[in-house]
Amino acid sequence: MPAPVPVPGREPIPKQVPPTRGTRLRQRLAELRGPAVAAQPLDARALAALAANPGCKRRAILDGAGVNKAALASALGSPSAFGQSQFAFMRGNAFEARVKADGGAELLRLVQEKLDAGAEPPVAGLVPDLAAVGPEGRAARTALALREATAAGAWTLLDHPMLALDVAGSPAFLEPDAVVVHPDGSWTVVEIKSFPMLDGSADAAKVGAAARQAAVYVLALERVADRLTPAPGVRHSVLLVCPKDFSNLPAASAVDVRKQRSVTRRQLDRLTRIEDIAAALPEGTCFAPDLPTPDLTAAVESVPATYAPECLSTCELAFHCRARSRTEGAVTSLGRSLRAELGGLARVDDVLSAARGESGDPTDPAVAALRRAAELRAEALGSRSSDRKGASCP
Ligand code: SF4
């Protein structure tokens, strides 16, 4: 059939291409963030914290939309206590630059010494250029560099590579301090921290936080490896590099992150999909920090949260959520373990009422335990007061 001849002045109207699901979600997240607000990238520290509280839809949507939670907390009148001093930041950067100096010679030596003693020592490692436009471009460049380095079979240092990880249906871009490719083609994540390593060991809590962060990078790196044939091995021991005994010299230690990796993967799989949370929000919801405080409070409160005391060390909104949780009398503000033991009793008022025998199913083990505890308390207080009555002064 011959093609229709266009009539001058009556050109066919181009067909509207419907937006894809990904585009629609990106638009919706931009609306939630605020039209003039730049997205805050989700880093591995935030992802590890998100995975630690997978039931919190509030944190999931705020992180998914790239909302700056520190700015939001300040706008809500509950500024966070997070942040690093400018001095500590500069000292950390100077230490990292020192560790990676001379084409990463010292860093590659530490990786070989701590994680791959059987391999030939690195002489002159390769440091590919990873520059590209935008996070997607940088992630693609990183994947290419990893493939080339694996095929080359030589010690290679990828300085600040970019990795992508799907989080609750939305891509998150992550930037580890470094990834090293070994001569056998395996890959190692390197974490460089500014807290000191004294006599070969560092603060256990800080090492634990670094391990959780590194586990997120390992998961993201495995996604890249899965797309290559044959898939290179991603090592589950990462290299932690810290200043040695308060000096500026590097000390390194291998940290096994298998446990953190499997916990984080399980928790990330449990996250509710960002688009499902976004779809349940009222029309016009926006978290832009320049909105009036009552509007912002209403927007934040429209998303369910699961506050727990652990939030104080992991989330910028902790003071806001704690105040709300206490006002509502939620038992989660007393800790997750207590919440789990109280079964269906979610509020402090319900717990007290059940303990007094005014409400609650007596066959419920939590209610029965509360009543027993209340009886014991009453007995103890009663006997103490009778002791006092019967006691006589010498
Ligand atoms: S502080 Fe609030 S938003 Fe953050 S994780 Fe806890 S409950 Fe969720």
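What counts, and where the lines are drawn
- Residues numbered from 1 in each chain as written.
- Predicted model: local features only at pLDDT ≥ 70, side-chain atom pairs only at ≥ 80, totals over all residues.
- Helix = DSSP H or I, 4+ residues; strand = E, 2+ residues; numbered from the N terminus.
- Rg over C-alpha atoms; globule rule 2.2 N^0.38 Å.
- Buried ≥ 20, exposed ≤ 12 C-beta atoms within 10 Å, placed from the backbone.
- Contact = placed C-beta atoms within 7 Å.
- Domains from an automatic or database assignment.
- Nonpolar A, V, L, I, M, F, W, Y, C, P; charged D, E, K, R; others polar.
- Pairing = 2+ DSSP bridges.
- Axes fitted to C-alpha atoms, helices over the stretch in contact; angles between N-to-C directions.

A short note on the overall build of the protein chain
Right, so step 1: Scanning the protein chain from terminus to terminus reveals 15 helices and seven strands.
Right, so step 2: The C-alpha radius of gyration computed for the protein chain amounts to 27 Å, which surpasses the reference 21 Å derived for 394 residues by more than 25%, pointing to a less compact arrangement than a globule.
Right, so step 3: Oriented by its inertia axes, the alpha-carbon framework of the protein chain measures out at about 95 × 75 × 40 Å.
Right, so step 4: Per-residue burial for the protein chain yields a buried fraction of 35% across its 394 residues.
Right, so step 5: Within the protein chain, counting contacts between residues at least 6 apart in sequence, those at least 24 apart form 63% of the total.

What about the domain arrangement of the protein chain?
Right, so step 1: Each domain of the protein chain was delimited in the assignment, giving domain 1 (22–41 + 48–81 + 273–306 + 316–330) and domain 2 (86–270).
Right, so step 2: Put simply, the middle of domain 1 and the middle of domain 2, counted by C-alpha atoms, are 30 Å apart.
Right, so step 3: Between domain 1 and domain 2, the contact holds 11 residues from the first and 11 residues from the second.
Right, so step 4: Listing elements by their share of the side of domain 1 that touches domain 2, those giving two or more residues are helix 2 (44–52), helix 3 (57–64) and helix 10 (274–279).
Right, so step 5: The element contributing the most residues to the side of domain 1 that touches domain 2 is helix 2, with three residues.
Right, so step 6: In the side of domain 1 that touches domain 2, the residues fall into eight nonpolar, one polar and two charged.

Quick word on the environment of Asp295
Right, so step 1: With respect to the element layout, Asp295 can be found in helix 11 (residues 293–301).
Right, so step 2: Classification of Asp295 by C-beta neighbours within 10 Å gives partly exposed; the count is 14.
Right, so step 3: Expressed as a C-alpha distance, the spacing of Asp295 and Thr285, which sit 10 residues apart in the sequence, is 8.8 Å.

A few points about the sheet that holds strand 4 (residues 178–181)
Right, so step 1: Taken in spatial order, the five strands make up an open sheet running 1-4-5-6-7, and their pairing is mixed. The two strands at the open ends of the sheet, each matched to only one other strand, are strand 1 (156–159) and strand 7 (250–256). Between one strand axis and the next, the sheet turns by 25° as a mean value, whatever way the strands run.
Right, so step 2: Sheet analysis places strand 4 next to strand 5 (residues 187–192), joined by four bridges and oriented antiparallel. Residue pairing in the sheet places Val181 in a bridge with Trp187 of strand 5.
Right, so step 3: Sitting on the sheet, helix 7 (residues 134–152) is in contact with strand 1, strand 4 and strand 5, with an inclination near 170° to strand 1.

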